[in-house]
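The chain contents come next:
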Amino acid sequence: MTSTTATNILQPLKATPAPSYSYWREEGENSGSEGSNEHSPTQSGTCIDDDELKNYECAVCFEIMDTPVGCGSCQTRFCRPCLEHVAKQGGARPMCSHCRSPFTLESIQVDEALQEEMKNCMETVLCPFRGCGKKIPINAIKLHVVQCDHIKMKCKFSEWGCEWIGKKKDLEHHDNNECEFRNGMGRLVNAIREKTFSQSETIIRMQGTSINQAVDRNTRHMLMARGRNAGNIFDVLAMSYEAVCFPGRFAASKEIWGDMINQVNSRSLVFNVLLVFPIFLCMGKLPLLMAFSLSNEVSPRGIRRLGPLGLLREFDEEIIALSSTLIALLCMMYDGTGDGTRWARMRMPGTNKSYPFMRDFSAVFIFFACKVFVSFMDLWPGIALLLCTLSFTVSFSSCVAAILEKVSGSQADTLKICKMWPIIVFALRYSFLHQVCLFSQALKGVIFLRLARHASVKHLNANFTLEETECFFSAIPPSIYVAIGVAMTAMDIKNGVVKDWMTAVNAWLVGPCFVACFNLLTYVFYWFGQASGDSIYEEGKRNERIQSNNLLPSRRPVFTGVVITFLALFYVVFIVCV
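Along each chain, numbering runs from 1 in the same order as the chain's sequence is written. Whole-chain, interface and lining totals are the exception, using all residues; otherwise, since this is a predicted model, local features are given only for residues with pLDDT of at least 70 and side-chain atom pairs are given and counted only at 80 or more. Excluding hydrogens and water, the side-chain values take into account all heavy atoms of the structure.

Caption draft 1: Structural detail: the overall build of the protein. Put simply, DSSP H or I for four residues or longer makes a helix, DSSP E for two residues or longer makes a strand, and each gets a number counted from the N terminus. Looking only at helices and strands, one finds 19 helices and 10 strands in the protein. Each residue is assigned to one of three classes by its accessible area relative to the maximum for its type, calculated with a 1.4 Å probe on protein chains only: buried under 20%, partly exposed between the two thresholds, exposed over 50%. Relative to its full complement of 578 residues, the protein shows a buried share of 40%. Contact criterion: two residues are considered in contact whenever any of their non-hydrogen atoms come within 4.5 Å of each other. Restricting to contacts in the protein with at least 6 residues of sequence separation, those with at least 24 account for 65%. Accessible areas in this description were obtained via Shrake-Rupley with a 1.4 Å probe; residue shielding takes into account the shown protein chains only. A total accessible area of about 32,000 Å² is found for the protein, and carbon and sulfur atoms account for 59% of it.

So, in structure tokens, the structure goes:
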């Protein structure tokens, strides 16, 4: 709407035909008087037989038909506008007003034989308007009705208060001599109409410009969607930002993101990228920490004396950690399934059973990488960093997952079935427990909870063990756990750690308490993300409904989503810069 066309010009007021009940009254007659013509003149003053005339009348309006049509089930004929009106007013199952048979707009049939008969009929009827008296051929009655000077008309200012109704031939006299709106009042009405029309044109033009801009923007997005990839970190982060901050607009334009949200496998790839991103952000900083540590401990001349082999011995664990992370990534990408939710299963030697060994290898590699990364820090800063990483990874991923599941209409919890969910949560949980209570205590906690889980499966809540993230821990038989527990107790007795039964009980209670509490804390992070995602989605839908009255997408972000995005950005900046 960049220019004003001829259709945007304000049209002048015109007189309109009066309602049909006034056709049959002369001035001074009441609706109940004898001169009010209860029957149409086409029925009482005809020059042809009444039975023959009824063949040409509509069964709804009782006027002579222009285009005779039928419902397809009976022989009754109607005007096309009348039967189409019956079809539109009939709802999902309209029925013929004569035979009560169901029909549709598509089933309406033109009676071409009757139409041809009416076209060739030279019989006449009287004009339906009093005072005319002309005899009109049936095939020309519709044309005469439009041109007849005796049709009752309403004043062109009827909507503004003029109550005059009279014949068409008297309309000019009324406009020039009788109408109270012919002078000043009429000019005032026209001025009001012009001002209102001008304001409406301005609003429409502004909305049209905004809509065109929105269409252009969405067109660009649609073109970009062809190249979007669920495995691309930049596409995933862009979609996560849109989903969290503008969920209503994201849901309204979900086609822009293509198959990234419509298919379970694509959503799984998105969640895999979100889960892996913080780990690889930390691993990307590891070379910088290595360089910083080396510059503080060894001079440039000493670095040259060390040589490549010396550097490898100096940073053997760090290099192994980086290699482990790379191996875990390669295991995830090239495990042979091509599926974002399923690990390749390999047959166990000597049995017919298969097992996802690559999943467990990846979990151990990333656990080791996390352990090495926090070794550059003191105890409590390392614990705080691991806790922040776990909370951000689980909460933000589950928040985005809740929004994507709502938008896609899926009932599946895709986050918990994607490949990287058990690996990342396993690695972060147990690297944190290793920092807090040492590996031996964490292992005792695992043994205690696994045995308790096997002993009372129905009574121990899965949130205490996080079954879907236990990896190989959930596959080890209880007998192996018993043997490991007995061996650890024997080692404690030999080393003097356990001196009596009380210290033995304490040694086997500290670890389970730590593991169970941290498992519950992980579940709280997951629950918080899900609840935040649901809340953000509902608030975004409310904003979009309010904005939809203006036919434009909402540009107002959701406050909760903005807060979560700010915290995520703060975490990324903290990892990179601190």
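Caption draft 2: Quick look at the sheet that holds strand 1 (residues 16–17). In this analysis, strands are considered paired if DSSP registers two or more bridges between them. Ordered in space as 1-7-8, the three strands form an open sheet in which the pairing is antiparallel. Every interior strand has two partners, whereas the edge strands, strand 1 and strand 8 (165–167), have only one.

Caption draft 3: A look at the confidence of the model for the protein. In this model, the protein carries a mean pLDDT of 77, and residues with pLDDT of at least 70 account for 80%. pLDDT is a residue-level measure of predictor confidence that goes from 0 to 100. A low-confidence stretch, residues 1–7 (pLDDT under 50), is modelled with eight contacts involving residues beyond four sequence positions or located in other chains. Scored below 50 in pLDDT, residues 21–46 makes 48 contacts in the model with residues more than four places away or belonging to other chains.

Caption draft 4: Structural detail: empty space enclosed by the protein. Of the grid points, spaced at 1 Å and generated over the protein atoms alone, those admitting a 1.4 Å probe that cannot get out make up cavities, while open sets with protein on both sides within 12 Å along at least five of seven lines make up pockets; any residue with an atom within 4 Å of a point is treated as lining. Grid points are joined across faces, edges and corners, and a volume is the space filled by probe spheres set on the points. Applying the stated rule across the entire model yields four cavities of 30 Å³ or more. For the largest cavity, the full set of lining residues is Ile 279, Cys 282, Met 283, Cys 370, Phe 373, Val 374, Leu 385, Leu 386, Thr 389 and Leu 428. Of all elements in the fold, only helix 10 (264–297), helix 13 (357–374) and helix 14 (379–408) reach the threshold of two or more residues within the lining of the largest cavity. Ten residue types, Ala, Val, Leu, Ile, Met, Phe, Trp, Tyr, Cys and Pro, are classed as nonpolar, four, Asp, Glu, Lys and Arg, as charged, and the remainder, Gly among them, as polar. Its residues assigned to classes, the lining of the largest cavity comprises nine nonpolar, one polar and no charged.

Caption draft 5: Focus on the pattern of salt bridges. Salt bridge, as used here, is a side-chain nitrogen of Lys or Arg placed within 4 Å of a carboxyl oxygen of Asp or Glu. With the rule as written, the count across this model stands at 11 salt bridges. The salt bridge partner of Glu 468 is Lys 416, with a shortest N-O separation of 3.8 Å. Highlighted residues: Glu 468 in the loop between helix 16 (420–455) and helix 17 (478–494) and Lys 416 in helix 15 (residues 414–417), separated in sequence by 52 residues. For Glu 468, a relative accessible area of 31% corresponds to the partly exposed category. Salt bridges sharing common partners tie together Arg 429, Arg 450, Arg 453, Glu 467 and Glu 470.

Caption draft 6: Expanded view of helix 17. A helix is expected to span 1.5 Å for every residue after the first. Here helix 17 contains 17 residues, and its C-alpha end-to-end distance of 24 Å stays within 8% of the 24 Å for a straight helix at 1.5 Å per residue. In the segment just after helix 17, Gly 496 is the residue with positive phi, at about 80 degrees.

Caption draft 7: Highlighting the side chain of Thr 393. If you trace the backbone, Thr 393 turns up in helix 14. Look at Thr 393 and you get buried, because its relative accessible area is 1%. Engagement of the side chain of Thr 393 in a polar contact is seen with the backbone oxygen of Thr 389, the distance being 2.6 Å. When residues no more than four places from it in sequence are discounted, the contact partners of Thr 393 are Leu 275, Pro 278, Ile 424 and Leu 428. In protein, a polar contact means a hydrogen-donor-capable atom and an acceptor-capable atom, both N or O and within 3.5 Å, with residues adjacent in sequence counting only if both atoms are side-chain atoms; elsewhere, any N or O pair within 3.5 Å suffices.

Caption draft 8: Region of interest: the environment of Glu 112. Residue placement: Glu 112 occurs in helix 4 (residues 112–120). A relative accessible area of 60% places Glu 112 in the exposed class. In the structure, Glu 112 is positioned 44 residues away from Pro 68 in sequence and 7.8 Å away in space, judged by C-alpha atoms.

Caption draft 9: Local environment of the nonpolar core. Nonpolar cores were defined as sets of buried Ala, Val, Leu, Ile, Met, Phe, Trp, Tyr and Cys residues, with membership established by side-chain atoms within 4.5 Å. Counting residues in hydrophobic clusters, the biggest one holds 86 residues, and the most contacted among them are Val 270, Ile 366 and Leu 404. Apart from residues no more than four positions distant in its own chain, Leu 404 is found in contact with Met 239, Ala 243, Phe 250, Ile 261, Arg 267, Val 270 and Phe 271. Ranked by size, the runner-up nonpolar core spans 24 residues in total, among them Ile 64, Val 69, Met 118 and Ile 136.

Caption draft 10: Quick look at the environment of Lys 541. Within the secondary structure, Lys 541 sits in helix 18 (residues 501–547). Sequence separation of Lys 541 and Pro 247 is 294 residues, and the distance between their C-alpha atoms is 7.1 Å.

Caption draft 11: How the structure looks around the packing of aromatic side chains. Stacked, tilted and edge-to-face are the three classes assigned to paired rings of Phe, Tyr and Trp, where Trp is represented by its six-membered ring and a pair needs centres within 6.5 Å; plane angles under 30 degrees give stacked, over 60 edge-to-face, the rest tilted. Tallied over the entire structure, the rule returns 14 aromatic pairs. Between Tyr 355 and Phe 357, the aromatic rings sit 5.2 Å apart at their centres with planes inclined by 65 degrees, giving edge-to-face as the arrangement. Using a relative accessible area of 14% as the deciding quantity, one classes Tyr 355 as buried. Ring pairing ties together the aromatic residues Phe 426, Tyr 430, Phe 472 and Phe 473, which thus form one cluster. Charge-over-ring contacts are defined here by two conditions on Lys NZ or Arg CZ: a distance within 6 Å of the ring centre and an angle within 35 degrees of the ring normal. Against the face of Phe 246 rests Arg 249, its NZ or CZ located 4.1 Å from the ring centre.

Caption draft 12: Spatial organisation of the sheet that holds strand 4 (residues 109–110). Taken in spatial order, the three strands make up an open sheet running 3-2-4, and their pairing is antiparallel. One side of each edge strand has no neighbouring strand; the edge strands of this open sheet are strand 3 (78–79) and strand 4. One ladder, built from two bridges, connects strand 2 (residues 68–70) with strand 3; its direction is antiparallel. Paired with Val 69 across the bridge in strand 3 is Phe 78.

Caption draft 13: Inspection of the state of the cysteines at higher detail. Pairs of cysteine sulfur atoms within 2.5 Å are identified as disulfides in what follows. One pass over the full model with this rule turns up zero disulfides. Cysteine Cys 282 shares no disulfide, and the gap to the nearest cysteine sulfur, in Cys 370, comes to 7.1 Å. The exposure class assigned to Cys 282 is buried, which follows from its relative accessible area of 6%.

Caption draft 14: How the structure looks around the packing of helix 8 (residues 233–245) against helix 14. Their axes nearest at 10 Å, the elements helix 8 and helix 14 cross at an angle of 70 degrees. The orientation of helix 8 with respect to helix 14, classified from their angle, is roughly perpendicular. Only Phe 396, Cys 399, Val 400, Ile 403 and Leu 404 of helix 14 make contact with helix 8, whose side of the interface consists of Met 239, Ser 240, Ala 243 and Val 244. Partitioning the contact of helix 8 with helix 14 into residue classes produces eight nonpolar, one polar and no charged. Think of each axis as a best-fit line through the C-alpha atoms, taken over the contacting stretch in the case of a helix, with angles from 0 to 180 degrees between the N-to-C directions. Working definition: roughly parallel below 35 degrees, roughly antiparallel above 145 degrees, roughly perpendicular at 65 to 115 degrees, and oblique for all remaining angles.

Caption draft 15: Molecular detail of a nonpolar patch on the surface. Residues enter patches when they are more than 30% accessible in relative terms and free of salt bridges; like-charged ones are connected within 9 Å and nonpolar ones (Val, Leu, Ile, Met, Phe, Trp, Tyr) within 5 Å. There is a patch of nonpolar side chains on the surface, built from Phe 559, Val 563, Phe 566, Leu 567, Phe 570 and Phe 574 and spanning about 660 Å² of accessible area. For Phe 566, the position within the fold is in helix 19 (residues 559–577). Judged by its relative accessible area of 56%, Phe 566 falls in the exposed class.

Caption draft 16: Just the packing of helix 14 against helix 16, in detail. Relative to each other, helix 14 and helix 16 sit at 160 degrees, their axes nearing to 10 Å. By the angle class used here, helix 14 and helix 16 are roughly antiparallel. Relative to helix 16, helix 14 is oriented so that their crossing is left-handed. Taking contact as the criterion, the partners of Leu 379, Ile 383, Leu 386, Leu 387, Thr 389, Leu 390, Thr 393 and Val 394 in helix 14 are, on helix 16, Trp 421, Ile 424, Val 425, Leu 428, Ser 431, Phe 432, Gln 435 and Val 436. Each residue belonging to the contact of helix 14 with helix 16 can be placed in one class, and the counts come to 12 nonpolar, four polar and no charged. Rotating anticlockwise by less than a right angle from the far helix to the near helix defines a left-handed crossing, while the corresponding clockwise rotation defines a right-handed one.

Caption draft 17: How the structure looks around the layout of surface pockets. A volume near 520 Å³ is recorded for the largest pocket. Around the largest pocket, the lining is made up of 24 residues, and of these Cys 388, Ser 391, Phe 392, Leu 567 and Tyr 571 lie nearest the centre. Contributing elements (two or more residues each) for the lining of the largest pocket: helix 10, helix 14 and helix 19. Residues of the lining of the largest pocket, tallied by class, amount to 20 nonpolar, three polar and one charged.

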